[in-house]
Amino acid sequence: PATENDARSGNSVAAIRKSILDHIHFSQARLPVMATCNDWYVALAYTVRDRMFGHWMNVVQAIADPQRKIVGYLSAEFLMGPHLGNALINLGIHDNTRAAVAQLGLNLDDLLAQEEEPGLGNGGLGRLAACYMDSLATLGVPALGYGIRYEFGIFSQEIRDGRQVEKTDKWLRLGNPWEIHRPELSCTVNFGGRTEWFHDERGRLRIRWIPNRVIKGVPYDTPIPAFRKDFIGILRLWKSEAVESFDFQAFNVGDYYKAVDEKVVSETVSKVLYPNDEPEIGKTLRLAQQYFFVSCALQDMIRVHLIRGKALDTFHESFAVQLNDTHPAIAVAELMRLLVDEHDMDWCEAWTITRNVFSYTNHTLLSEALEKWPLPFFGHLLPRHLEIIYEINHRFLEEVRRHAPGDDGLASRLSIIDEGGQKSIRMAHLASVAGHRINGVAELHTKLLSRTVLRDFHAIYPDRFVNVTNGVTPRRWMVLSNPKLAGLLESAIGDRWICRFEEEIEKIAPLADDPAFRNHWREVKRGNKADLAGLIHERTGNTVDPDTLFDVQVKRIHEYKRQHLNVLHIVTLYNRIRRNPNLDITPRTFIFGGKAAPGYAMAKLIIKLINDVGAVVNRDPDVAGRLKVVFFPNFNVKNGQMIYPAAELSEQISTAGKEASGTGNMKFSMNGALTIGTLDGANVEIREAVGPENFFLFGLTVDQVNDLWGRGYNPRRYYEENAQLREAVDLLYSGHFSPDHQARFVPLLDTLLNHDPYMLLADYQAYIDCQDQIAAAYRDQEHWTRISILNVARMGRFSSDRSIREYCKDIWRIRQGV
Ligand SMILES: CCc1ccc([C@H](C)CC(=O)N[C@@H]2O[C@H](CO)[C@@H](O)[C@H](O)[C@H]2O)cc1
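Counting restarts for each chain, with residues numbered from 1 along the sequence as it is written. At least 70 in pLDDT is required for a residue's local features to be given in this predicted model, at least 80 for side-chain atom pairs to be given and counted, and no such filter applies to totals for whole chains, interfaces and linings, which use all residues. Side-chain descriptors were evaluated using all non-hydrogen atoms of the structure, hydrogens and water having been removed beforehand.

**Section: the overall build of the protein chain**
- Strands are runs of DSSP state E lasting at least two residues, helices are runs of H or I lasting at least four, and both sets are numbered from the N terminus onward. Helix and strand counts for the protein chain come out as 35 helices and 25 strands.
- Judged by the C-alpha coordinates and their principal axes, the protein chain covers about 90 × 75 × 60 Å.
- The buried share of the protein chain, reckoned over its 818 residues, is 62%.
- Note on contacts: a residue pair qualifies if any of its non-hydrogen atoms lie within 4.5 Å across the two residues. A fraction of 75% describes how many contacts in the protein chain between residues 6 or more apart in sequence connect residues 24 or more apart.
- The Shrake-Rupley method, run with a 1.4 Å probe, gives the accessible areas here. Residue values count only the displayed protein chains as cover. Surface exposure of the protein chain reaches about 29800 Å², of which carbon and sulfur atoms provide 52%. Each residue is placed in one exposure class: buried if its accessible area under a 1.4 Å probe, protein chains only, is under 20% of its type's maximum, exposed if it is over 50%, and partly exposed if it falls in between.

**A few points about empty space enclosed by the protein**
- Only protein atoms enter the 1 Å grid used here, on which a cavity is any set of points holding a 1.4 Å probe that cannot leave and a pocket is any open set flanked by protein within 12 Å on both sides along at least five of seven lines; residues with an atom within 4 Å of a point are listed as lining. Grid points are joined across faces, edges and corners, and a volume is the space filled by probe spheres set on the points. Enumeration over the complete set of coordinates arrives at 10 cavities of 30 Å³ or more.
- If you go around the largest cavity, you meet 48 residues; those closest to its centre are Gly-123, Gly-124, Leu-125, Asp-277 and Arg-556.
- Counting only elements with at least two residues in the lining of the largest cavity, the list comes to α7 (124–138) and α27 (664–670).
- Looking at which element gives the most residues to the lining of the largest cavity, the answer is α27, with four residues.
- Per-class residue counts for the lining of the largest cavity are 15 nonpolar, 17 polar and 16 charged. Side-chain classes follow a simple rule in which Ala, Val, Leu, Ile, Met, Phe, Trp, Tyr, Cys and Pro form the nonpolar group, Asp, Glu, Lys and Arg form the charged group, and the remainder, Gly included, forms the polar group.

**Quick notes on the domain arrangement of the protein chain**
- Domain start and stop positions are those given by an automatic or database domain assignment. Taken domain by domain, the protein chain comprises domain 1 (66–82 + 117–347) and domain 2 (509–798).
- If you average the C-alpha positions of domain 1 and of domain 2, the two centres end up 38 Å apart.
- Both sides together, the interface formed by domain 1 and domain 2 hides about 1900 Å², and carbon and sulfur atoms give 54% of it.
- What gets called buried area is simply the loss in accessible area from a 1.4 Å probe that two parts show on being joined, summed for both. Its largest share of buried area at the contact with domain 2, domain 1 owes to Glu-117, Gln-157 and Gln-164, together 27% of the area lost on that side.
- In the sections that follow, a salt bridge refers to a side-chain nitrogen of Lys or Arg positioned within 4 Å of a carboxyl oxygen of Asp or Glu. Run the count over domain 1 and domain 2 and you get two salt bridges.
- In protein, a polar contact requires one atom able to donate a hydrogen and another able to accept it; more generally it is a pair of N or O atoms within 3.5 Å, and residues adjacent in sequence count only if both atoms are side-chain atoms. Run the count over domain 1 and domain 2 and you get 11 residue pairs in polar contact (both at pLDDT 80 or more).
- Each residue belonging to the side of domain 1 that touches domain 2 can be placed in one class, and the counts come to seven nonpolar, eight polar and seven charged.

**As for the sheet that holds strand β21 (residues 588–593)**
- Overall, parallel pairing links the six strands, which are arranged β22-β21-β20-β23-β24-β25 in an open sheet. The open sheet has two edge strands with one neighbour each: β22 (627–632) and β25 (696–697).
- By the bridge criterion, four bridges tie strand β23 (residues 649–652) to strand β24 (residues 674–677) in an arrangement that is parallel. Paired with Ser-650 across the strands is Thr-675, a residue of β24.
- Along the sheet face, helix α25 (residues 601–617) touches β21 and β22 and points at about 145 degrees away from the line of β22. Should DSSP find at least two bridges between two strands, the strands are regarded as paired. Axis geometry follows a simple rule: fit a line to the C-alpha atoms, using only the stretch in contact for helices, then measure angles between N-to-C directions, giving values from 0 to 180 degrees.

**Topic: the pattern of salt bridges**
- Going through the model one piece at a time under the given rule, you end up with 60 salt bridges.
- For Asp-418, the salt bridge is made with Lys-372, and the minimal N-O distance between the two is 3.0 Å. Remark: Lys-372 occurs in strand β15 (residues 372–374) and Asp-418 occurs in strand β16 (residues 417–418); sequence separation between them is 46 residues.
- When its relative accessible area of 15% is taken as the criterion, Asp-418 is described as buried.

Laid out in structure tokens, this is it:
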């Protein structure tokens, strides 16, 4: 067994320091005096990795143990964030490492800052997958996260002249010490071509696929450390390569491009992450990416199952496979192909296994985000899968007709094939037909899912629908991001809350009545605000005052998330000050952050709006610094870790019924921010948990939204009848914030007055009134702090550990943590 001082796995300061020096010498081949910051970072990463490998045995044993069921989490996105800090926390060597590094004359913060963020995701869905990998490991559930090792992740965002500029994300340029290359576990993936009938050796008529392109999938494993537990999860990401990366014959005849053509085309599949979240794009490469990693994942799971010495007809006993939205839904047809075509299994037996293996999580109700692939396009890339989907659909519709004879309307609404207009495959239907469980990501969302997008499936399969409200890991989002708060909590209630969040955190509730504790609480927040103020100045040049109310909205830019409603509040306050410069308002710093999909013009215009309004407000002499507007560039996991702990007000202001859950709302609340929000997504459950009196609620409910829409919503009437609103909108129309281009915001403002699909004008006055309440509440710091403490105390159920426990119990049927 490893001792504290064992150089490869000891956790003492001396052992860690020795390891770092060993890696500088043996891994980086550097003399310490010559080593760069990146060399020290990589040496430290290897040092930490060594200590994770000690836990490798347990997961390998669990995966090899035929009695244990493994979770296969299929996701096109994993927004892991930087690994180093999280690994130090979970391995319990953070402080010793900081001391060891200091003894080497270095600062751990510099090495932490050196790590490139693996931005292999867009937003909520990708980050949720990452939080779930942390909880699966910490709960001791054997899990393989399967995804794509994009060479280029989500773009990094620069703000130039107030506009978003996308920069290529070269996260791999200095290598990646956290992954282990596994070329021997490679597999091949077919594309295109045609299918043909043939008689097999037993004279049976069978179908085979003759692809016109075959590429190789090469896995890279990243260990996911459990929190203070001898266990890890495995993130297995696939890179696409050519089967033959160099065509020597072509080279011989001097056709150098042809010689590498195969390589270039094959590597394109895992080259880049699609930077869209929500709008569906229907691109060939996107479907190729989805099929590529899904086929690799299923081939790998079948390999693991067979290694266990089990027959294929018990595959569902080895794996519970979660489809993270419809992006991996092609897995349903691929498992059928592998079982029937490749492993010669009977269709019905294969289908039974498929039904038992898969479950599907839906993350959005937005119709434009529901993936549908045009038939010819799909058939061209995946001819065999189209046939299989036809067969699945045929048998399904027979079942539907038995269930509801003569109800052709129901059958065509349920059909996997959308026969209307351009025939297409509805991936949400494929996932719902096969999944033994279908879940939404918050109570309201799951209810709406079963009443709208999937109501017909709910009508015929009500028992398949379950809710699993999202959660976030307290390790990264509290312990790592907010060490000051974690220290205060530990001094008050010990550290059991870190992995028993639900049971333990509520123990701080009584301390809300303790003035001394409240004082410490405020100092923690003040310290985090000062740290963020420093970072804001470094990144934007803006000077913000940590004694103002930090009002924060960070998330992807999207009209349904209503960042522009937040701007209407700012302009309203600005008008009040212009009318009466001596007005006694609560000084505020408005902090925005978030990326817009490159092709989403209105979202990009909203970023410009925020920056143009900020440019005027921040310099206005009447305002005199009482209002500051900052757009924090390149919002990602790393920056989020600095922003959430410093926030006092969390903006969760989406139109009711549009945000499936939200997870930023949980991170803010867990770091002591109070929430202003609508009854949407998980806001509903957060408000229930923290207490309606500790939540700033405003706005129309889902039913009121649908009702108003049904009665004919005329946004212009709100503009005409509300002077404050009209004054704000008119000032924007006037070009006051865009003197260089007076009409810049006309497209956005016209949309609001003529259409307003997300009902900003209908919710405007309620929002302003709520914000005025908040301004008043903030002046009573004792009361504000009390509410802040109660917010954290009552966030127990929003740990991703609770979510994973529910997946294990209600969906995967896994006993966790044995
Ligand atoms: C096809 C393009 C595309 C890409 C990503 C997506 C995701 C489903 C978008 C997403 O991230 N949804 C968010 O998922 C979070 C985790 O469940 C929720 O908390 C958010 O409310 C939801 O918007 C849809 C469509």
